[in-house]
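# Architecture at a glance
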Amino acid sequence: MELGPRIRTLRTQRRLTLQQLAQSCGLTKSMLSKLENGRASPSIAALTRIATALGVGLTVLLSEGEGPQTEMISAGQIAGAWKTTEKGYDFAALAAGRVTKAMQPILFVAKRGKVRPGALHHRGEEFIYVLDGRMAYTVGRKTYELGPGDSLYFNSTEIHDLKPLSAKVKYLAVMAELPAASDIPATRTARKKRRTRPSKK
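If you're wondering where the values come from, they're calculated on a predicted model, not measured in any experiment.

In this model, the second largest pocket occupies a volume close to 180 Å³. Around the second largest pocket, the lining is made up of 14 residues, and of these Leu 3, Gly 4, Ala 40, Ser 41 and Lys 83 lie nearest the centre. Listed by contribution, the elements that provide at least two residues to the lining of the second largest pocket are helix H1 (3-13) and helix H3 (29-36). Of the residues forming the lining of the second largest pocket, the biggest block, 3 residues, is contributed by H1.

By rolling a water-sized probe across the atoms, one finds the places where empty space is left. By the definition in use, this model includes 1 cavity of 30 Å³ or more. The computed volume of the largest cavity comes to approximately 110 Å³. Taken together, 14 residues form the lining of the largest cavity, with Tyr 89, Leu 120, Glu 126, Tyr 137 and Tyr 171 sitting closest to its centre. Elements with a contribution of two residues or more to the lining of the largest cavity: helix H4 (44-54), strand S8 (160-164) and strand S9 (168-176). Residue classes in the lining of the largest cavity are distributed as 10 nonpolar, 2 polar and 2 charged.

What follows is about the packing of helix H2 (residues 18-25) against H4. It is the contact of H2 with H4, at a shortest axis distance of 8 Å, that shows an interaxial angle of 120°. Here H4 runs oblique to H2, going by the angle between their axes. The way H2 lies across H4 gives a crossing that is right-handed. In this structure, H2 contributes Leu 21, Ser 24 and Cys 25 to the contact, and H4 contributes Arg 49, Ile 50, Ala 53 and Leu 54. Looking at side-chain class alone, the contact of H2 with H4 contains 5 nonpolar, 1 polar and 1 charged residues.

This brings us to the sheet that holds strand S6 (residues 142-146). Strand order in the open sheet made by the 3 strands is S6-S5-S8, with antiparallel pairing throughout. Sheet topology places S6 and S8 at the edges, where each strand pairs with a single neighbour. Within the sheet, the average angular offset between the axes of one strand and its neighbour, ignoring direction, is 20°. Across 5 bridges, strand S5 (residues 135-139) lies against S8 in antiparallel orientation. Pairing of Thr 138 across the sheet is with Asp 161, part of S8.

Let us look at the packing of aromatic side chains. All chains considered together, the criterion is met by 5 aromatic pairs. Centre to centre, the rings of Phe 91 and Phe 108 are 6.4 Å apart; their planes meet at 40°, and the pair counts as tilted. Placement of the pair is Phe 91 in strand S2 (residues 90-93) and Phe 108 in strand S3 (residues 103-111), with a sequence separation of 17 residues. For the pair formed by Phe 91 and Phe 108, the shared burial category is buried.

What follows concerns the sheet that holds S3. Taken in spatial order, the 6 strands of this open sheet run S1-S2-S3-S9-S4-S7, and their pairing is antiparallel. Each edge of the open sheet carries a strand with a single partner, namely strand S1 (83-84) and strand S7 (151-155). Pairing analysis gives 9 bridges linking S3 to S9, with the strands arranged antiparallel. Bridging from a neighbouring strand, Ile 106 pairs with Ala 173 of S9.

Take the pairing of S5 next. Put simply, side chains in a regular strand alternate between the two faces of the sheet. S5 sits mainly inside the fold: 4 of its 5 residues count as buried. With 5 bridges joining them, S5 and S6 adopt antiparallel strand pairing. Note that in S6 the partner of Thr 138 across the bridge is Thr 143. Hairpin connection between S5 and S6: a loop of 2 residues separates the two successive antiparallel strands, and Gly 140 in this loop has a positive phi of roughly 65°.

The rules behind each value
- Residues numbered from 1 in each chain as written.
- Predicted model: local features only at pLDDT ≥ 70, side-chain atom pairs only at ≥ 80, totals over all residues.
- Heavy atoms only, no water.
- 1 Å grid on protein atoms, 1.4 Å probe; cavity = no way out; pocket = protein on both sides within 12 Å on 5 of 7 lines; lining within 4 Å.
- Points joined across faces, edges and corners; volume = space filled by probe spheres on them.
- Helix = DSSP H or I, 4+ residues; strand = E, 2+ residues; numbered from the N terminus.
- Nonpolar A, V, L, I, M, F, W, Y, C, P; charged D, E, K, R; others polar.
- Axes fitted to C-alpha atoms, helices over the stretch in contact; angles between N-to-C directions.
- Parallel < 35°, antiparallel > 145°, perpendicular 65-115°, else oblique.
- Left-handed = near helix turned anticlockwise from the far one by under 90°.
- Contact = heavy atoms within 4.5 Å.
- Pairing = 2+ DSSP bridges.
- Phe/Tyr/Trp six-rings, centres within 6.5 Å; stacked < 30°, edge-to-face > 60°.
- Buried < 20%, exposed > 50% of the residue type's maximum accessible area, 1.4 Å probe, protein only.

Structural data, given as structure tokens:
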């Protein structure tokens, strides 16, 4: 199933209107409608927020089906998996055949003059490794200049953005989705404290 129909199916299963989901993930109703109908391709950060609003992981949206536990991806498969987002960069989701995974590896290609500026943020942590070219990558208030072999690990809840310094930069990003505080089961002590009520005097 393609990305748009998959989002629509998950939304209708949860009995959410376009407006409700759009408000939850910070998109306009019009943009979400275009996405569901295959007429737009959002940034990975926007997809992460959509996944969170739907109560699933990013891997569920980007995966193509429940595949084997061990998945080999050939260069030919990657060549046919590239997509362009509205922000102007290209990406290819790796290990797309496996839904249940703790991290999402993605190849990115950003071209100078094609990537539109716009700070991103989403839940989780992220690791990037530059394969070719150079770029300036901003996390929070600090900007790092990265070239081949350089890497960066950061909390993706922080505002981040990139600017290609060479004609083209290619890098690998590995995103790990961490549960929100409300998703983490309470410890026995915390549960006991919640059950304890102040005595009446």
